[in-house]
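# Working through the structure, step by step
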Amino acid sequence: MKPDGVERGLIGEIVGRLEAKQLGVVAAELRTLDHITAERHYAEHAGKPYFADLIAFITRGPVLVLVVEGPRDTWQVVRTMIGATNPTQAAPGTIRGDLAIEMAENLIHGSDSAESAQREIEIFFPHLA
Ligand code: ATP
Ligand code: MG
């Protein structure tokens, strides 16, 4: 969960949605990311015009780093629940569709493949990888 979600007091709402879907929390930590960790996490966006703003945003306050597990295709289940990147296009019923408006402040990140999930778990919870 990104800093806007923590700031807005949406931890319970968003984690509640994941739990209601039957995803189990395996690891959770509230932490403020340093720039090196944030840039490693978002490395695929390095060089993009929005990169500096993205790093400034994701490091501006605590994020809730979560690993959740489910019976299968969990990264895809989570991405479907999160909704489109731009909240103005995110479907109602999704986290971004219901709770966000701005592209920059879209509340939650989700790994976009099993490989990304593995890579990101290694960054944030190396003992789990
Ligand atoms: P995230 O990785 O944060 O879960 P996502 O996978 O839906 O989001 P990505 O394409 O990975 O979308 O972009 C990462 C983040 O960078 C987005 O959440 C958004 O805040 C920002 N971003 C992406 N594309 C743009 C853009 N064209 N203009 C401004 N910001 C952007
Ligand atoms: Mg992404």
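Structural data are supplied above this passage.
Throughout what follows, the structure given in this document is the object of discussion. (Residues numbered from 1 in each chain as written. Chains lettered and ligands numbered in written order. Predicted model: local features only at pLDDT ≥ 70, side-chain atom pairs only at ≥ 80, totals over all residues. Heavy atoms only, no water.)

## Quick word on the overall build of the chain
Looking only at helices and strands, one finds seven helices and two strands in the chain. Mapped from its N terminus to its C terminus, the chain presents α and β elements in the order α-α-β-α-α-β-α-α-α. The C-alpha atoms of the chain give 14 Å as radius of gyration, which agrees with the globular expectation for 129 residues (14 Å, within 12%). With the C-alpha coordinates aligned to their principal axes, the bounding extent of the chain is approximately 35 × 35 × 25 Å. Residues counted as buried form 42% of the 129 residues belonging to the chain. Considering only contacts within the chain whose residues lie at least 6 apart along the sequence, 66% involve residues at least 24 apart. Working note: accessible area of the chain is about 7200 Å², and carbon and sulfur atoms make up 53% of it. The chain carries 12 positive and 18 negative side-chain charges, and their two centres are separated by 3 Å. (Helix = DSSP H or I, 4+ residues; strand = E, 2+ residues; numbered from the N terminus. Rg over C-alpha atoms; globule rule 2.2 N^0.38 Å. Buried < 20%, exposed > 50% of the residue type's maximum accessible area, 1.4 Å probe, protein only. Contact = heavy atoms within 4.5 Å. Areas by Shrake-Rupley, 256 points an atom, 1.4 Å probe, with all protein chains shown as cover. Lys, Arg positive; Asp, Glu negative; His and termini not counted. Charge placed at Lys NZ, Arg CZ, Asp CG, Glu CD.)

## Examining the environment of M81
Following the sequence through the fold, M81 ends up in helix α5 (residues 74-82). Classification of M81 as buried rests on a relative accessible area of 14%. On a C-alpha basis, the gap between M81 and R119 in space is 21 Å, while along the polypeptide they are 38 residues apart. Apart from residues no more than four positions distant in its own chain, M81 is found in contact with R17, L18, K21, L23, T94 and I95.

## Re the pattern of salt bridges
The final tally for this structure, using the stated rule, is six salt bridges. Salt-bridge contacts for E29 lead to R31; the nearest nitrogen and oxygen are separated by 3.9 Å. Measuring nitrogen to oxygen at the nearest pair gives 3.5 Å for the salt bridge that ties D73 to R72. (Salt bridge = Lys/Arg side-chain N within 4 Å of Asp/Glu carboxyl O.)

## Thoughts on the site of ligand 1
In the vicinity of ligand 1 lie 13 residues, with K2, Y42, R79, T85 and N106 positioned nearest. One nitrogen or oxygen atom from the side chain of T85 is found 2.5 Å from an oxygen atom belonging to ligand 1. Within the shell around ligand 1, the residues separate by chemical class into five nonpolar, five polar and three charged. (Near = heavy atom within 4 Å. Polar contact = N/O pair within 3.5 Å; in protein donor to acceptor, adjacent residues only side chain to side chain. Nonpolar A, V, L, I, M, F, W, Y, C, P; charged D, E, K, R; others polar.)

## Considering the pairing of strand β2 (residues 63-69)
The element β2 is largely enclosed, with a buried count of five among its seven residues. Bridge count for strand β1 (residues 24-31) against β2 is seven bridges, and the pairing is antiparallel. Of the residues in β2, the one forming a bridge with A27 is V67. (Pairing = 2+ DSSP bridges.)

Bear in mind that shape data such as this cannot, by itself, settle questions of function.
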